[in-house]
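# Analysis of the macromolecular model
Here is what each chain is made of, one letter per residue.
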Amino acid sequence: MSIVRIGNKLVGEGQPCLIIAEIGINHNGDLDLAKRLIRVAEASGCDAVKFQKRTPELCVPPSQRGVMRETPWGYISYMDYRRKVEFGQAEYEEIHQYCEAQEVLWFASCWDEPSVDFVQQFDPPCYKVASASLTNDALLKHTRGTGKPILLSTGMSSLEQIDHAVEVLGTDDLVLLHTVSTYPAKYDELNLRAIMTLRDRYQLPVGYSGHETGLASTVAAVALGACCVERHITLDRAMWGSDQAASLEPTGLTRICRDIRLIESSMGTGEKKILERELPIIARLRGQN
């Protein structure tokens, strides 16, 4: 099984789980809110934060551009909303400097080729390919052309579609993420055993990107061998935004980071033996036998 280096972290079997806080667009276009979420991620014990980068003119289907909706900026078109939540050059320069100062890795899901080129100027440790882009061969090839490691989410995809995406990307520096693309996901939809299915089929490191509201399933994913986990984060699930309800609040994020590290320390080697700390217990409880 291959090991993938992402920044100063190694990802794969036998390595500590890489914990990624998905800020995505939960910043609602507010740079100060983005910084607060970065601080929450760092304080909770996350290794990295992830944003989403799109070119609205390329990513918003023509049929949706004029659809009107209520937003924090008033009753505006979907196209205008997408522009409101996109950070540009100045914001990402500040995010880059802020993450460096906090010693937190950052990268992005890029939904189109110009967005890949935009993020590349910041020399990210890796790229994320969202589930929605798994069948976009041109974007896969363009992202691979950066030479960076790639995390590929596999939500709403068949094994045949994943086969094709892996063939396009190649297996070097590739991590697959088992994902269910419902927001929020129901527990009976999560199918965590697919982590093992993907690992056995592709012989690649496999992680988990969760959209459920709770904590237990993400910790279970690590026990099943997930080499990295990604969860959306927010300051308050009641905030406006499409991803807020499927996100973890600060307390939940802290708990999940703690529990993942406890699970890792609990796994052991699998060798069954008597512990030194059990010896006095044996003497006391079996002394008459």
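Owing to the predicted nature of the structure, the values given are computational and were not obtained by experimental measurement.

## Points about the packing of aromatic side chains
Counted under the stated rule, the structure contains twelve aromatic pairs. On the basis of an interplanar angle of 45° and a centroid distance of 5.5 Å, the ring pair of Tyr78 and Tyr81 is categorised as tilted. With Tyr78 and Tyr81 both in helix H4 (residues 78–84), this residue pair falls three residues apart, about one helical turn. By relative accessible area, which is 17% here, Tyr78 ends up buried. Residue class for Tyr81 comes out buried when judged on its relative accessible area of 3%. Following the ring pairs from residue to residue traces out a cluster consisting of Phe51, Phe87, Tyr92, Trp106, Phe118 and Phe122.

## Some remarks on the pairing of strand E10 (residues 174–179)
Along a regular strand, successive side chains alternate from one face of the sheet to the other. Summarising burial for E10: six of the six residues are buried, a large majority. Side chains of E10 alternate between two faces, with Leu174, Leu176 and His178 and Val175, Leu177 and Thr179 buried alike. When strand E9 (residues 150–153) meets E10, the two strands line up parallel, connected through four bridges. Counted as the bridge partner of Ile150 is Leu174 from E10. Read from E9 through helix H8 (residues 159–169) to E10, the crossover connection turns out right-handed. Examined bridge by bridge, E10 and strand E11 (residues 206–210) share four bridges and lie parallel to one another. Residue pairing in the sheet places His178 in a bridge with Tyr208 of E11. In this fold, E10 hands off to helix H9 (residues 194–202), which returns the chain to E11; that crossover is right-handed.

## Here we look at the side chain of Glu86
You can see Glu86 is positioned in the loop between H4 and helix H5 (89–102). Owing to a relative accessible area of 15%, Glu86 belongs among the buried residues under this scheme. Setting aside its immediate chain neighbours within four residues, Glu86 contacts Gln52, Lys53, Arg54 and Pro56.

## Details of the environment of Cys99
Position of Cys99 relative to the elements: it lies in helix H5. Cys99 sits in the buried class, given a relative accessible area of 1%. Along the sequence, Cys99 and Arg201 sit 102 residues apart, while their C-alpha atoms lie 36 Å from each other. Not counting chain neighbours up to four residues away, the residues in contact with Cys99 comprise Ile38, Val49, Val104 and Trp106.

Criteria and thresholds
- Residues numbered from 1 in each chain as written.
- Predicted model: local features only at pLDDT ≥ 70, side-chain atom pairs only at ≥ 80, totals over all residues.
- Heavy atoms only, no water.
- Phe/Tyr/Trp six-rings, centres within 6.5 Å; stacked < 30°, edge-to-face > 60°.
- Helix = DSSP H or I, 4+ residues; strand = E, 2+ residues; numbered from the N terminus.
- Buried < 20%, exposed > 50% of the residue type's maximum accessible area, 1.4 Å probe, protein only.
- Pairing = 2+ DSSP bridges.
- Right-handed = clockwise from strand over helix to strand, strands pointing away.
- Contact = heavy atoms within 4.5 Å.

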